[in-house]
Amino acid sequence: MAKITTLDEFIIQRQKDFPYATGELSGLLRDIGLASKIISREVNKAGLADISGAANSNQNASGEEVQKLDVLADNLLISCLQNSGECCGIASEENHTFVPIHGSPNAKYVVLFDPLDGSSNIDAGISIGTIFAIYRRVSDDGVCTLEDFLQDGVEQIAAGYVLYGSSTMLVYTAGNGVNGFTLDPSIGEFCLSHADMQIPKQSDIYSVNQGAYRKFNAATQAYIDDCMDRSYTFRYVGSMVADVHRTLIKGGIFMYPATTKAPKGKLRLLYECNPLAMIVEQAGGKATDGKQRILELEATELHQRTPIYMGSSDMVTQLEEVVYQMSPAKELV
Ligand code: P6P
């Protein structure tokens, strides 16, 4: 039987590889793993809530309030991170501003996350995900400040996602490659299943909401036209973690461009695009807003949005070239 390496064992092993590494980061990753196991359990029984609860009620059979899953996921992540004592504050899609963790005001890290991205897809049984980013605080000890969260993506010290799909997978990077762990429900452990993930440099899959084609800029339309001319395969789940995970495994390009309706795009920079861009880059891919590296975009607001094109390096480079060739302001060389 092949040796099983659990997430905890892997984190401890990696900590040995980096003597300067302290246990705090490992503790944070373990806490996120714990919260993810509980979220996975709740997501997997979501469809039963109506059966177990009164019809059209937000209460279950025992009359308990059934929280919306994304609020539940948010509370679970905050609770697990509070227990670790390693996190001095969090920011998430579910909270207008950042949330200091008063029990550990002098902790060294802050965590940003989208607790349940794509949650509107649950009713359709479509895969959804948790996305997280970990930074060292920049403020002095004491209650964290907004500046601790408004850091550019290159400052992330770890990032990852959990995919609640046909299986539950946790994929993370601490800046030394990308590794994937699949939850074995029979033992309640995330087990190493995808060591040192590498994204193919080229592929024939493109992923975008084709229905919004007419709202995209000319360069994006030209790139999509070229994909269709090459008879590339079109795949789009409409759940970012699922689309990016497939791109990581099979290669391709995932796009959420700016549109006439959303001139800054839809996806959030701090807790969706930056963490997934770190993962893709660490796996050998690229992530851009069309002109700039996602990880170098200036963080100015917690919930700011950005257009994003990410995936196989050759495909993203080609997209950037089309944008450059069609940009009215390209510098004359
Ligand atoms: P659209 C899900 O609602 C989400 O935030 C991402 O997970 C996904 O990539 C995107 O929105 C899908 O948006 O406009 O294509 O439905």
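Residues numbered from 1 in each chain as written. Predicted model: local features only at pLDDT ≥ 70, side-chain atom pairs only at ≥ 80, totals over all residues. Heavy atoms only, no water.

1. Focus on helix H4 (residues 69–84)
Next, step 1: An ideal rise of 1.5 Å per residue puts 22 Å on 16 residues; H4 measures up with 23 Å between its terminal C-alpha atoms.
Next, step 2: For H4, every residue scored as buried is listed here: Leu69, Asp70, Leu72, Ala73, Asp74, Leu76, Leu77, Ile78, Cys80, Leu81 and Ser84.
Next, step 3: Its buried side turned inward, H4 meets helix H2 (23–44), strand E1 (87–92), strand E3 (109–117) and strand E4 (128–136). (Helix = DSSP H or I, 4+ residues; strand = E, 2+ residues; numbered from the N terminus. Expected span 1.5 Å × (residues − 1). Buried < 20%, exposed > 50% of the residue type's maximum accessible area, 1.4 Å probe, protein only. Contact = heavy atoms within 4.5 Å.)

2. Here we look at the packing of helix H6 (residues 240–250) against helix H7 (residues 269–282)
Next, step 1: Where H6 meets H7, the closest approach of the two axes is 11 Å, and the angle between their N-to-C directions is 15°. Classified by the angle their axes make, H6 and H7 are roughly parallel. By crossing handedness, the relation of H6 to H7 is classed as right-handed. Between H6 and H7, the contacting residues are Met240, Val244 and Leu248 on the first element and Glu272, Cys273, Leu276, Ile279 and Val280 on the second.
Next, step 2: For the contact of H6 with H7, the per-class residue count stands at 7 nonpolar, no polar and 1 charged. (Axes fitted to C-alpha atoms, helices over the stretch in contact; angles between N-to-C directions. Parallel < 35°, antiparallel > 145°, perpendicular 65-115°, else oblique. Left-handed = near helix turned anticlockwise from the far one by under 90°. Nonpolar A, V, L, I, M, F, W, Y, C, P; charged D, E, K, R; others polar.)

3. Regarding the domain arrangement of the protein chain
Next, step 1: Each assigned domain of the protein chain is listed with its residue range as follows: domain 1 (7–194) and domain 2 (205–326).
Next, step 2: Every contact between the two is made by 47 residues of domain 1 and, on the other side, 30 residues of domain 2.
Next, step 3: In total, domain 1 and domain 2 occlude about 2700 Å² of area from one another, counting both sides; carbon and sulfur atoms represent 67% of this.
Next, step 4: The interface formed by domain 1 and domain 2 holds 1 salt bridge in total.
Next, step 5: Residue Glu93 pairs with Arg268 through a salt bridge whose shortest N-O separation is 3.8 Å.
Next, step 6: Joining domain 1 to domain 2, the criterion identifies 12 residue pairs in polar contact (both at pLDDT 80 or more).
Next, step 7: When contributions to the side of domain 1 that touches domain 2 are tallied by element, the ones reaching two or more residues are E1, E3, E4, strand E5 (158–164) and strand E6 (168–173).
Next, step 8: With 7 residues, the top contributor of residues to the side of domain 1 that touches domain 2 is E4. (Domains from an automatic or database assignment. Buried area = accessible area lost by both parts, 1.4 Å probe. Salt bridge = Lys/Arg side-chain N within 4 Å of Asp/Glu carboxyl O. Polar contact = N/O pair within 3.5 Å; in protein donor to acceptor, adjacent residues only side chain to side chain.)

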